[in-house]
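# Structural characterization, general
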Amino acid sequence: MVDGLLDRLGVPASAYTHGNHPVHTPIDGSAIASVHLESKAQVVAKIDKAEQAFQAWRNVPAPRRGELIRLFGEVLRQYKADLGELVSIEAGKITQEGLGEVQEMIDICDFAVGLSRQLYGLTIASERPGHHMRETWHPLGVVGVISAFNFPVAVWAWNTTLALVCGNAVVWKPSEKTPLTALACQALFEKALKAFGDAPDGLSQLVIGDRDAGEALVDDPRVPLVSATGSTRMGREVGPRVAARFGRSILELGGNNAMILAPSADLDLAVRGILFSAVGTAGQRCTTLRRLIVHRSIKDEVVARVKAAYAKVRIGDPRKDNLVGPLIDKPSFNAMQDALARARDEGGQVFGGERQLQEQYPNAYYVSPAIAEMPAQSAVVRHETFAPILYVLAYDDFEEALRLNNEVPQGLSSCIFTTDLREAERFQSASGSDCGIANVNIGTSGAEIGGAFGGEKETGGGRESGSDSWKAYMRRQTNTVNYSRELPLAQGIVFD
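In this text, all values refer to a predicted model and were calculated from it rather than measured experimentally. (Residues numbered from 1 in each chain as written. Predicted model: local features only at pLDDT ≥ 70, side-chain atom pairs only at ≥ 80, totals over all residues. Heavy atoms only, no water.)

### Thoughts on the overall build of the protein
Threshold: The numbering of helices and of strands both runs from the N terminus, where a helix is a DSSP run of H or I of at least 4 residues and a strand a run of E of at least 2. Every radius of gyration here is taken over C-alpha atoms, with the globule rule written as 2.2 Å times N^0.38, N being the number of residues. Buried means the residue's accessible area, taken with a 1.4 Å probe over protein chains only, is under 20% of the maximum for its type, while exposed means over 50%, and partly exposed covers the values in between.
Across its full length, the protein carries 15 helices and 23 strands. Taken against the 2.2 N^0.38 rule, which gives 23 Å for 496 residues, the C-alpha radius of gyration of the protein at 24 Å falls within 12% of a compact globule. Structurally, the protein occupies a C-alpha span of about 80 × 60 × 40 Å along its principal axes. Per-residue burial over the protein gives 56% buried out of 496 residues.

### Here's the deal with the packing of aromatic side chains
Applied cut-off: Ring pairs shown here join Phe, Tyr and Trp side chains whose ring centres sit within 6.5 Å, with only the six-membered ring taken for Trp; geometry is labelled stacked below 30 degrees between planes, edge-to-face above 60, and tilted in between. When the NZ atom of lysine or the CZ atom of arginine is within 6 Å of a ring's centre and also within 35 degrees of its normal, the charge is said to sit over that ring.
One pass over the structure, following the stated rule, counts 10 aromatic pairs. Between Trp137 and Trp470, the aromatic rings sit 5.4 Å apart at their centres with planes inclined by 70°, giving edge-to-face as the arrangement. Of this pair, Trp137 sits in strand β4 (residues 131-139) while Trp470 is found in the loop between β22 (464-465) and β23 (474-482), placing the two residues 333 residues apart along the sequence. Of the residues examined, Trp137 reaches a relative accessible area of 12% and is grouped as buried. Residue class for Trp470 comes out buried when judged on its relative accessible area of 6%. Here the aromatic rings of Trp156 and Phe189 are separated by 6.5 Å at their centres, their planes lie at 90°, and the arrangement is edge-to-face. Here the residue Trp156 occupies a position in helix α6 (residues 154-165), and Phe189 occupies one in helix α7 (residues 179-196), the gap between them amounting to 33 residues. As far as the burial class goes, Trp156 and Phe189 line up, both buried. Through a chain of ring-to-ring contacts, three or more aromatic side chains come together here, namely Phe72, Trp156, Trp172 and Phe189. The ring of Phe333 has Arg355 sitting right over it, with the charged end atom 5.7 Å from the ring centre.

### Re the environment of Gly451
Stated precisely, the cut-off is as follows: When checking whether two residues touch, look at their non-hydrogen atoms; a contact exists if any pair is within 4.5 Å.
Structurally, Gly451 can be placed in the loop between β19 (437-440) and β20 (452-453). Of the residues examined, Gly451 reaches a relative accessible area of 34% and is grouped as partly exposed. Separated by 16 residues in sequence, Gly451 and Ser467 place their C-alpha atoms 5.2 Å apart. Among all residues touching Gly451, those that are not within four sequence positions of it are Glu464, Ser465, Gly466 and Ser467.

### Considering the packing of helix α5 (residues 95-115) against α6
The axes of two packed helices give the description: the angle between them and the distance between them. Inclusion rule: Here the axes come from fitting lines to C-alpha atoms, over the contacting stretch only for helices, and the angles between their N-to-C directions go from 0 to 180 degrees. Comment on the angle field: the value is read as roughly parallel under 35 degrees, roughly antiparallel over 145, roughly perpendicular from 65 to 115, and oblique elsewhere. Left-handed describes a crossing whose near helix is turned anticlockwise from the far helix through less than a right angle; right-handed describes the clockwise counterpart. Residue type decides the class: Asp, Glu, Lys and Arg count as charged, Ala, Val, Leu, Ile, Met, Phe, Trp, Tyr, Cys and Pro as nonpolar, and the leftover types, Gly among them, as polar.
At a minimum axis separation of 9 Å, α5 and α6 run at an interaxial angle of 15°. It follows from the interaxial angle that α5 and α6 lie roughly parallel. The interaxial crossing formed by α5 with α6 has right-handed handedness. Contact residues: α5 offers Glu101, Glu104, Met105, Ile108, Cys109, Phe111, Ala112 and Leu115, while α6 offers Ala154, Trp156, Ala157, Trp158, Thr161, Leu162 and Val165. Here the contact of α5 with α6 is built from residues that sort into 12 nonpolar, 1 polar and 2 charged.

### Section: helix α2 (residues 40-57)
Under the convention used in this document: A helix is expected to span 1.5 Å multiplied by its residue count minus one. Directions are taken from the helix axis to each C-beta atom, and the arc is the one they span.
In this model α2 runs 25 Å from its N-terminal to its C-terminal C-alpha over 18 residues, within 8% of the 26 Å that 1.5 Å per residue would give. For α2, the complete set of buried residues consists of Val43, Ile47, Ala50, Ala53, Phe54 and Trp57. Within α2, the buried residues cover an arc of 125° as seen down the axis, which keeps them to one side. Among the exposed residues of α2, those oriented more than 90 degrees off its buried face are Ala41 and Gln52.

### What to know about the sheet that holds strand β15 (residues 370-373)
Defined as follows: Strand pairing requires that DSSP identify at least two bridges connecting the strands.
The sheet built from 7 strands is open, its strands ordered β12-β15-β16-β11-β10-β18-β19 with mixed pairing. A single partner strand is all that each edge strand has here, and the edge strands are β12 (349-351) and β19. Within this sheet the neighbouring strands show an average axis-to-axis angle of 20°, counted without direction. As paired elements, β12 and β15 share 3 bridges and run antiparallel to each other. Across the sheet, Val350 pairs through a bridge with Ala372, a residue of β15. Against the sheet, helix α14 (residues 398-406) makes contact with β10 (257-261), β11 (289-295), β16 (389-395) and β18 (413-417), and its axis sits at roughly 150° relative to β16, the strand it touches most.

### Let's talk about the pattern of salt bridges
Test applied: A pair is scored as a salt bridge if a Lys or Arg side-chain nitrogen falls within 4 Å of a carboxyl oxygen belonging to Asp or Glu.
Taken as a whole, this structure holds 34 salt bridges when the rule is applied. As a salt-bridge pair, Arg233 and Glu237 come within 3.3 Å of each other at their nearest N and O atoms. One end of the pair is Arg233 and the other is Glu237, both in helix α9 (residues 232-244) and 4 residues apart, which spans about a single turn. You can call Glu237 partly exposed: its relative accessible area is 29%. With a shortest N-O distance of 2.7 Å, Lys457 and Asp434 are connected by a salt bridge. Remark: Asp434 occurs in the loop between α15 (421-427) and β19 and Lys457 occurs in strand β21 (residues 456-457); sequence separation between them is 23 residues. The network of salt bridges with common partners includes Lys40, Arg211, Glu215, Asp219, Arg233, Glu237 and Arg241.

### Quick word on the sheet that holds strand β5 (residues 142-146)
Ordered in space as β7-β6-β5-β8-β9, the 5 strands form an open sheet in which the pairing is parallel. Both outer strands of the open sheet, β7 (204-206) and β9 (248-252), are each paired with one neighbouring strand and no more. Direction aside, neighbouring strands of the sheet carry axes that sit 15° apart on average. As judged from the 5 bridges shared by β5 and strand β6 (residues 169-173), these two strands associate in the parallel manner. Looking across to β6, one finds that Val143 is bridged to Val170.

### So, the packing of helix α4 (residues 80-91) against α7
Relative orientation of the contacting elements α4 and α7 amounts to 165°, with a least axis distance of 9 Å. Judged by the inter-axis angle, α4 sits roughly antiparallel to α7. Along this stretch, α4 crosses α7, giving a crossing that reads as left-handed. Here Leu83, Leu86, Val87 and Glu90 of α4 lie close against α7, whose contacting residues are Pro179, Leu180, Thr181, Ala184, Cys185 and Leu188. Of the residues belonging to the contact of α4 with α7, the class tally is 8 nonpolar, 1 polar and 1 charged.

Pasting the structure below:
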């Protein structure tokens, strides 16, 4: 299924055959490759190599570093179709989403190239005569990237392109569920390195490993920054371990994203927004819409319209003309069924959620998207289940809707559909949504790379991608220069 693709992408057969870790496609559950899991010692050796590369790369002018990323973007354009298809096969995304993820990689390359000429500091007025102050930004060192299966290539690119133009080296540990896309990304990056010509060896390192490999990356003091994407449980382990050695972390963890649907909303627009946000990637996005907080006066109409839209959703092989592909594996299916059972126990009325295509794909896990009308925001609603479950809650006044939006442990994405300017502005104010992303008349998913991506509370607080997220990959230095013949002290202190 993947041999030809991997060959075109430049991955040698030795990297994905005769290994000790099988790789399965969620499309039909079959084994499509086997990779070699690396030991802690091998991870340490790769960190050694990356550290040596950093020593040279930090002295390369930033616009020259940007040229490497420009070349990588060109390589990605050339291989977009092949890499997008591999994402569909290994992660189960429909074709458009697989291609869209590679386009995100291309977009962040463009962003990072421009950024390579805009790593600006500040000039600061000094209180001392004959002095000037400034802020400068310097590379950190080796950046560790740990990514999840649901965005197997884009999240690495968000981190790596910015880290490299900032002067760092990168060591990447992808999910054990999606190592083939990682091997392909590394092979494509090596094409860009070859065209660039004089980058230090070891600038981008790939680690195919399990938990032990991840721990080696997290615990190594030569990795000053670890950017980790995954579950809140994972973040609770990674964050304290990195902090214990005074390292930094960017944590992109759970999301329990809500839409407030107001009585004034354009319902045609809202239903389309609900559909993509709730069932895209089979509900396996951190920005998936999981809670619909709808005004009681329109609740019945909205639920009926969403059910009708769900009934038309095509489920099946993501490479064909379908809207919803498979869940990643059996544990994900079991977690979904457990959540729906809990929703019923907590008073919910459940529509959908059944396994589909079992006879055709006995070893794969396709499901119909589920809707659970809940009497209250109960325990199961407050917990993120990585599957296409949409919990529906009714509200009577806007303050109640805001409270429901914020009354969960996670704080990634949120949105409101309304034509009331006061509601829209309040939602995006300091007393409105407490999430890192707050949209008006657009769903919770589908973020652009120009804006910083991330959330609050149990989402981790980190930011990746656009805006000034580059600062996370650098260290700040304050400089004071005395160009006078005197030595005045700050705060008017006289030490004579």
